[in-house]
Amino acid sequence: MNVLQRKPEKTGQPEPLEPASSPSPAVEKTVRLIARDDGICLVMFDRPGSSANIFDLRTLDELAQELEFIERQTELKGVVFISNKRSVFIAGADLNAMLKVASPDDARVLIERGQAVMNRIAALKIPTVAAVHGAAVGGGYELCLACDYRIASPDHATKIGLPETKIGLLPGWGGSTRLPRLIGLPKALDIILGGKTVPAKLALKVGMVDEIAPAESLVTAAARKIKLGKPCRSDHWLLNSRLVAAVVAPQVRKMLFKKTRGHYPAVFKALEVVTHGVSRTVEMSLALERDGIIELMQTDVCRNLIGVFFLQERARKKTFSVAASAAESKPVAHTAVIGAGVMGAGITQWISARKLPVILRDINVEQVAKGMAGIAKLYRDGVKHHTFTAHEARAGMERVHPAPTEVPLHHADIVIEAAVENLELKKKIFQRLDELVSPDTVLATNTSALPISEMAASTRHPERVVGLHFFNPVYRMQLVEVIAAQQTSPEVLQRALKFAQQIGKLPVVVKDSPGFLVNRILIPYLIEAGNLFESGARIEDLDDVMLDFGMPMGPLRLLDEVGLDVSLHVAATLAVHFGERMKVPGCLGKMTNAGLLGRKSGGGFYLHEKSKDAKPNPGVASYVQSQKAREITREELQERMVFLMVNEAARCLEEQIVTDPADVDFAMIMGTGFAPFRGGPLRYTDTVGAARLVGAMNHLVASGTAHFEPCKLLAGLAVNGGKFYPKN
Amino acid sequence: MNPERLVVVDGVRTPFCKAGTDLAALGADELGRIAVSALLTRTDMDPALIEEVIFGCVAQPAESANIARVIALRAGVPQSVPAVTVHRNCASGCEAITQAQEKMLAGRGKIFVVGGTESMSNIPLLFTSSAAKKFGQLARAKSVMQRAKAIAAFRPADFKPRIGLMLGLTDPVCNLNMGETAEVLAREFDVSRAVQDAFALQSHLRAAAARDKLAEEICPVFRSDGKVVTRDNGIREGQSFDALAKLKPQFDRRNGSVTAGNASQITDGAVALLVMSESRAAELGYKPLGALTGYAYAGCDPARMGLGPVYAIARTETQTGLTLADADIIEINEAFAAQVLAVIKCAASEEFAHDQLHRLAPLGEIPAAKLNVNGGSIALGHPVGATGARLVLTALKELKRRNARRALVSLCIGGGQGAALWLERM
């Protein structure tokens, strides 16, 4: 059975032929066998109609069938698992299937099927190699772990890891059992608990793969490994001993608790499964895995985190149903950013790191210099944290073209204005931009709170003006609010959306309204924190209860990080439109006037000293007006702040700032880090029950705090028992 | 039908800074990249339309082979655009421009980015060839014994480096360094120390007075450490005749007159110009600064390389019919005060015209009012690969300011050559 080498596929592998055993398929298969002259059998994964391979039940069954065939062969020398996809080996289990699993019994079936297939691979008498090019994560890497050897290509697309804990699960197809036995307990815990995915070079270093070979040479390298026969590996008897596990587990648990405040059951469960399983038999460990993952699959946390994952995918691919025209379908090639302040520099650095040239414009050399220095620092920090190599950082920096004097911008596909939050200044900038750009150029503004429709109205071509609101810090916050002004044309909105996706951000389309979506929801929450502080609540308590809730940072700390002056400005703008409920507490203005701006001035609610942790600032005690809040319980403090977020979020949906509740939740999670395990403020409401929330809010209203009046939408849901997400 | 003219659309340069100071940490490729990036931004030029990038560089850094290519790619010019580095010593910056002209006339393209760059701070020290051989033996040594033997072969003299800068500034054919050739001219043409110093002072005073004008050609350099460089730092605002007089002669301790003060400075800097055919410029809607209307390179005695301009200017007169009197602005590179002054004397000398140029009439006068009106390399510095382009840029800008018609740019070239270019305002 000679296989003539035809034109190599993307991975340089021979054209697949039907294996002798299987009948001509009526349905397109995902798993195919390719026999070779040298007695090595290739198992190729090529999911029809998709650019990725995933493990759904059907694929598991197909694989089981092919394994059965392989088991019956007497002449085979070895098996190599490969993928025919451009940038994915196998991307893990089918998460949709996971979500749909209704009962623990169904879950059991799914898990046991997967474990069984992996065990079969591990039990093969002939050597097996996983030849990985592209992403091998989750179940995909668990297949690799079941093999005797793992070889990976050094390409950018190749990612190796077990990210299950990030979606509230644990590696349940043998990963929690086999990885510690391969690389030792401590390193395995690091990978599994961190839900880490690493590039090939690092995978080699920690032992997750055995060798690195170029994509075109993977199969040849695999054949060499097969010639070596079954491997003889260290069993890490000391690292994986009961003793070490017993010592390590409590320390790790403590660290996990500190990090997660107990909100993420998956990591604790994974810790338990791995540390207990590592010193027991493989069968016992697999059983622990199975029971553990089934338990986790029942949790809301898991459903919510998988939900967030899908929302991210949705945001990556979102489009409008607008007829594609020539102007839209071209990717952006030239950009410009006006304003070299913190946001301008951050946006410029992000875009330049995405391989696009950016012209950075500001009013004079000094301002541009500040921006350039800021960008250089972002790149330096990125190199330090291994986000970029020094080479990549230099190339990125070179894509920034400073413009301290006015320059024409005809070639810019999009210009992003990120100047000072002053409406008159922005209008002037837009009017000038009208002259400097070409008719096709999209003019976007990064304003947080100013009316975009008014800015657009002051230009000659208002339909090409759109809002593109980035979040601080740009390098970390994936969310971008894409804001449609009244005049924004659908084509321009589509282009702005595609641009956000092109540069790797996750967009949410929002109506032009003060504060847009995220800031509008945050402000009442921050104001309440400020009011409670003014009424005597302790800084530590206010921030702590929100950390307990699952926010990444407490409200007063957030005010310090953003800057009290900036927050005050945004809040004041919102107060003009929304009245009493956005009224800024007096302490904010007083502290700002006294120069207590937060981190940027060294002190706000906290003292920010260079090398030390931030401590509550004793100097702000003078801004406390009363002691009324001293009696409020921590529980109630938390409730009050959370209610206001939920209420404002519901209002945004009510007013159709966005049309889909998923957009509200997604934006809050990605824009503020709102407890992802809760799925967002609206999902949280569904989980707790609108009736309960509204009841508590009404109680507060009755006891004198009118600003807890629930909005109509929320009150309505409480009455009829409805949900924001009626179907799921 | 007249052949198409090459026009200069616009140009920009980095500040020129003394070696070892503000720009020392930037390599020649980085300086060139900054200049090209600023040029493309200013002119809103789509880099995909460029047909070749031509850059002059004398001390081509070992790590940037074909530095023009490195500069082009780093500045965002697409991979499909070819690039070539040129070297005609001190006139490399001119060579880039004139080669663009020749390519255009040969039908090899219409739009070019040209210029020159030099980082004299980073000219390397070199091992002697005997030391290099021993290093090679050490690298090839396999066993411990072999390695020990190879190490033992080194002598203290092996660690005395050859100074690249000095080597580059010495002409191997006549075995004189550039300063020594200037001394030759100072002696032969009786250019006194005092006259040289006065000329040098004038260069500084004119440059200091022209800071604002010079700022029009300069793009800021944003260093990675956060500092911004915006000014030429060779210019001495408070330069005085007395300060110059105090300096000791640099190249002939006992009887010389050429000092560090009346010679050009060792400097870092880069210049970039956008040049294209006249018709292309019109098509793209550009209003060029001016056109190249004639040029010549001429060879002369390496020991008297400073006289190069006279020979080259004479050639352009033959070529174009233009004489010194036709120039409203004259830029003669101030490699050394002595050298420029010798050139002035020779240009006016009938005897020189007979003997050396084989013509009856002398070239003419070079009045101080027309010459180097905004200062020269004595004050600004002479990054050797870049200066040729700077002179063209600065002359064109000054023509515009004065609403004048013609400029003559000329340089002496180490190795015994001269370059001369005629420019006409548009």
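Look up a bit, the structure's there.
Read on for an overview of the structure. (Residues numbered from 1 in each chain as written. Chains lettered and ligands numbered in written order. Predicted model: local features only at pLDDT ≥ 70, side-chain atom pairs only at ≥ 80, totals over all residues. Heavy atoms only, no water.)

**A closer look at the overall build of chain B**
To keep it simple, the criterion reads: Under the scheme used here, helices are H or I runs from DSSP no shorter than 4 residues and strands are E runs no shorter than 2 residues, and both carry numbers assigned from the N terminus. C-alpha atoms define the radius of gyration in this analysis, and the globule rule sets the expected value at 2.2 Å times the number of residues to the power 0.38. It only takes one pair of heavy atoms within 4.5 Å for two residues to be counted as in contact. Per-residue and other accessible areas follow the Shrake-Rupley method at a 1.4 Å probe size, with only the shown protein chains counted as cover for residues. The convention is simple: Lys and Arg are positive, Asp and Glu are negative, and His and the chain ends are not counted. Charge coordinates come from a single atom per side chain, which is NZ of Lys, CZ of Arg, CG of Asp or CD of Glu.
Across its full length, chain B carries 16 helices and 16 strands. For 426 residues, the compact-globule estimate of 2.2 N^0.38 gives 22 Å, and the C-alpha radius of gyration of chain B, at 22 Å, lies within 12% of that figure. Taking the principal axes of its C-alpha atoms as reference, chain B extends roughly 75 × 55 × 40 Å. In chain B, the share of contacts with a sequence separation of at least 24, taken over all contacts with a separation of at least 6, comes to 80%. In the form shown here, chain B has an accessible surface area of approximately 17,300 Å², with 54% of it arising from carbon and sulfur atoms. The centroid of the 48 positive side-chain charges in chain B is displaced by 7 Å from the centroid of its 43 negative side-chain charges.

**Structural notes on the interface of chain B and chain A**
Counted only if it meets this: When two parts are put together, the accessible area they lose, computed with a 1.4 Å probe and summed over both, is reported as buried area. We define a salt bridge as a contact between a side-chain nitrogen of Lys or Arg and a carboxyl oxygen of Asp or Glu at a distance within 4 Å.
Facing 17 residues of chain B, the contacting portion of chain A comprises 19 residues. Between chain B and chain A, the buried area comes to about 1,500 Å², and carbon and sulfur atoms account for 59% of it. Of all residues in chain B, the largest losses of buried area upon contact with chain A belong to B:Thr41, B:Asp44 and B:Phe222, amounting jointly to 42% of the total for that side. Run the count over chain B and chain A and you get three salt bridges.

**Some remarks on the layout of surface pockets**
Residues and elements named next belong to chain B. Counted only if it meets this: In the cavity and pocket records, a cavity denotes points on a 1 Å grid over the protein atoms alone where a 1.4 Å probe fits but cannot get out, a pocket denotes an open set with protein on both sides within 12 Å along at least 5 of 7 lines, and lining residues are residues with an atom within 4 Å of a point. Grid points are joined across faces, edges and corners, and a volume is the space filled by probe spheres set on the points. Polar here means any residue outside two lists: the nonpolar Ala, Val, Leu, Ile, Met, Phe, Trp, Tyr, Cys and Pro, and the charged Asp, Glu, Lys and Arg; Gly therefore counts as polar.
Counted as a void, the second largest pocket has a volume near 1,000 Å³. Surrounding the second largest pocket, 46 residues form its lining, Ile34, Pro220, Val221, Phe222 and Arg223 being those nearest its centre. For the lining of the second largest pocket, the leading source of residues is helix H1 (residues 28–43), giving eight residues. Here the residues of the lining of the second largest pocket are counted per class, giving 25 nonpolar, six polar and 15 charged.

**A look at the environment of A:Glu636**
The topology assignment puts A:Glu636 in helix H25 (residues 634–654). Each C-alpha atom of the pair A:Glu636 and A:Lys259 lies 24 Å from the other, and the pair is 377 residues apart in sequence.

**Section: the environment of A:Ser176**
Residue and element names in this part refer to chain A. Secondary-structure assignment places serine 176 in helix H5 (residues 175–183). Expressed as a C-alpha distance, the spacing of serine 176 and alanine 116, which sit 60 residues apart in the sequence, is 15 Å. Aside from chain neighbours lying at most four places away, what touches serine 176 is Leu170, Pro171, Ile192, Val273, Val274 and Glu289.

**Thoughts on the packing of aromatic side chains**
What counts here: Any pair of Phe, Tyr and Trp rings, taking the six-membered ring for Trp, is counted once the centres come within 6.5 Å. Such a pair is stacked with planes under 30 degrees apart, edge-to-face with planes over 60 apart, and tilted for the rest. Remark: exposure states derive from per-residue accessible area (1.4 Å probe, protein chains only) relative to the maximum for the residue type, with buried under 20%, exposed over 50%, and partly exposed in between.
For the structure on display, the rule yields 15 aromatic pairs over all chains. Between A:Phe533 and A:Phe605 the ring centres are 5.1 Å apart and the planes differ by 90°, which places this aromatic pair in the edge-to-face class. A residue pair is termed long-range when its members are at least 10 positions apart, and A:Phe533 in helix H20 (residues 518–534) and A:Phe605 in the loop between helix H24 (586–593) and strand E19 (606–607) qualify at 72 residues. Residue A:Phe533 is classed as buried on the basis of its relative accessible area, which comes to 3%. Residue class for A:Phe605 comes out buried when judged on its relative accessible area of 0%. Here a set of aromatic residues connected by ring pairs shows up, and it is made of B:Phe127, B:Phe135, B:Phe154 and B:Phe159.

**Some details on the sheet that holds strand E1 (residues 31–35) of chain A**
All names here are of chain A. Where we set the bar: Pairs of strands are assigned from DSSP output, requiring at least two bridges between the strands. Only the contacting stretch of a helix is used when fitting its axis, a line to C-alpha atoms as for every element, and angles between N-to-C directions run 0 to 180 degrees.
The mixed open sheet is built from six strands, whose spatial order is E1-E2-E3-E5-E7-E10. Strands at the two margins of the open sheet, each flanked by one partner only, are E1 and strand E10 (211–212). Two elements, strand E7 (residues 149–152) and E10, share two bridges in a ladder whose sense is parallel. Following the sheet pairing, isoleucine 151 is matched in E10 by glutamate 211. Set on the sheet, helix H8 (residues 218–228) makes contact with strand E2 (40–45), strand E3 (78–83), strand E5 (128–132), E7 and E10; between it and E7 the angle comes to about 160°.

**Things to note about helix H17 (residues 423–436) of chain A**
All names here are of chain A. Using the following cut-off: What a helix should span is 1.5 Å times the count of its residues minus one. Between N or O atoms, a polar contact is any pair within 3.5 Å; within protein, one atom must be a potential hydrogen donor and the other a potential acceptor, and residues adjacent in sequence are included only when both atoms are from side chains.
With 14 residues, H17 should cover 20 Å at 1.5 Å per step; its first-to-last C-alpha distance of 20 Å lies within 8% of that length. Those residues of H17 that sit buried are Leu423, Lys426, Lys427, Ile429, Phe430, Leu433, Asp434 and Leu436. On its buried face, H17 is in contact with strand E11 (335–338), strand E14 (414–417), strand E15 (442–445), helix H18 (452–457) and strand E16 (465–470). Structurally, the start of H17 carries an N-cap: the backbone nitrogen of glutamate 424 is 3.0 Å from a side-chain oxygen of asparagine 422.

**Examining the packing of H20(A) against H25(A)**
Residue and element names in this part refer to chain A. How we decide: An angle below 35 degrees is read as roughly parallel, one above 145 as roughly antiparallel, one from 65 to 115 as roughly perpendicular, and any other as oblique. A crossing counts as left-handed when the near helix is turned anticlockwise from the far one by less than a right angle, and as right-handed when that turn is clockwise.
Put simply, H20 and H25 touch, their axes get as near as 8 Å, and they point 155° apart. Relative to H25, the element H20 is oriented roughly antiparallel. Taken as a pair, H20 and H25 cross one another with a handedness that is right-handed. Along the contact surface, H20 presents Arg520, Ile521, Pro524, Tyr525, Glu528, Ala529 and Leu532, while H25 presents Leu637, Arg640, Met641, Leu644, Met645, Glu648, Ala649, Arg651 and Cys652. Within the contact of H20 with H25, the residues separate by chemical class into 11 nonpolar, no polar and five charged.

**Quick word on the environment of B:Arg33**
Within the fold, B:Arg33 resides in helix H1. Considered as a pair, B:Arg33 and B:Ile71 are 38 residues apart in the sequence and their alpha carbons are 4.9 Å apart. In contact with B:Arg33, other than residues within four places in its own chain, are A:Glu398, B:Ile71, B:Arg74 and B:Ala75. For B:Arg33, the side chain forms a polar contact with the side chain of B:Glu30, separated by 3.0 Å.

**Quick word on the pairing of strand E16 (residues 417–425) of chain B**
Residues and elements named next belong to chain B. Counting buried positions along E16 gives seven out of nine residues, so the element sits mostly inside the fold. Bridging between strand E13 (residues 290–299) and E16 involves nine bridges; their strand directions are antiparallel. In the sheet register, alanine 291 faces E16, and the bridge partner there is glutamate 424. Across eight bridges, the pairing between strand E15 (residues 406–413) and E16 is antiparallel. Across the sheet, serine 410 pairs through a bridge with alanine 420, a residue of E16. Linking E15 back to E16 in an antiparallel pair, the connection comprises three residues, with glycine 415 at a positive phi of about 105°.

**Examining the sheet that holds strand E8 (residues 159–161) of chain A**
Residues and elements named next belong to chain A. Spatially, four strands are ordered E4-E6-E8-E9 in an open sheet, and the strand pairing comes out mixed. Two strands lie at the open edges of the sheet, namely strand E4 (88–90) and strand E9 (197–199), each paired on one side alone. The average undirected angle you get between the axes of adjacent strands in this sheet is 25°. Summarising the sheet, strand E6 (residues 135–137) and E8 pair through three bridges and their orientation is parallel.

**A closer look at the packing of helix H3 (residues 104–123) of chain A against helix H11 (residues 282–297) of chain A**
Residue and element names in this part refer to chain A. For the pair H3 and H11, the least separation of the axes is 10 Å and the interaxial angle reads 145°. In this structure, H3 meets H11 at a crossing whose hand is right-handed. Here H3 contributes Pro104, Ala107, Arg108, Ile111, Glu112, Gln115 and Asn119 to the contact with H11, which in turn contributes Leu286, Glu289, Arg290, Asp291, Ile293, Ile294 and Met297. Taken together, the residues that form the contact of H3 with H11 break down as seven nonpolar, two polar and five charged.

**A short note on the pairing of E1(A)**
Strand residues, when the strand is regular, have side chains that alternate between the two faces of the sheet. Residue and element names in this part refer to chain A. Direction of pairing for E1 relative to E2: antiparallel, over a ladder of five bridges. Among the inter-strand pairings, isoleucine 34 is bridged to a residue of E2, identified as leucine 42. Connecting E1 to the antiparallel partner E2 that follows it, the hairpin turn spans four residues, and glycine 39 within it adopts a positive phi of roughly 85°.

**Observations regarding unusual backbone geometry**
Here the amide bond leading from A:Asn472 into A:Pro473 is cis, since omega sits at 0°, within 30 degrees of zero. Structurally, A:Pro473 can be placed in the loop between E16 and strand E17 (479–484). Unlike most non-glycine residues, B:His358 shows phi in positive territory, near 55°. Looking at where B:His358 falls in the secondary structure, it is placed in the loop between helix H14 (350–355) and helix H15 (377–380). Here the phi dihedral of B:Asn372 falls at roughly 45°; this positive angle occurs in a residue that is not glycine.

**Thoughts on the side chain of A:Arg178**
Residue and element names in this part refer to chain A. Following the sequence through the fold, arginine 178 ends up in helix H5. Here arginine 178 is buried and forms no salt bridge, its nearest opposite-charge partner glutamate 289 lying at an N-O distance of 6.7 Å. Excluding its chain neighbours within four sequence positions, the residues that come into contact with arginine 178 are Met118, Asn119, Ala122, Leu145, Ala146 and Trp173.

**Quick word on the nonpolar core**
All names here are of chain A. To be explicit about the condition: Side-chain atoms within 4.5 Å link the members of a nonpolar core, which is a set of buried Ala, Val, Leu, Ile, Met, Phe, Trp, Tyr and Cys residues.
Core analysis: the largest hydrophobic core is formed by 178 residues, its most contacted members being Leu63, Phe81 and Leu143. Considering every element that reaches this core, the biggest residue donor is H25, with 11 residues. Residues contacting leucine 63, with those up to four places away along its chain left out, are Val31, Val43, Phe45, Phe55, Phe81, Val117, Ile121 and Leu143.

**Considering helix H12 (residues 308–320) of chain B**
Residue and element names in this part refer to chain B. Taking 1.5 Å of rise per residue, the 13 residues of H12 would be expected to cover 18 Å, and the 18 Å separating its terminal C-alpha atoms lies within 8% of that figure. All of the buried residues along H12 are Gly308, Pro309, Val310, Tyr311, Ala312, Ile313, Ala314, Thr316 and Glu317. The elements touched by buried residues of H12 are E13, strand E14 (329–332), helix H13 (337–348), H14, E15 and E16. Note on H12: the residue one or two positions beyond its end, glycine 321, has a positive phi of about 85°.

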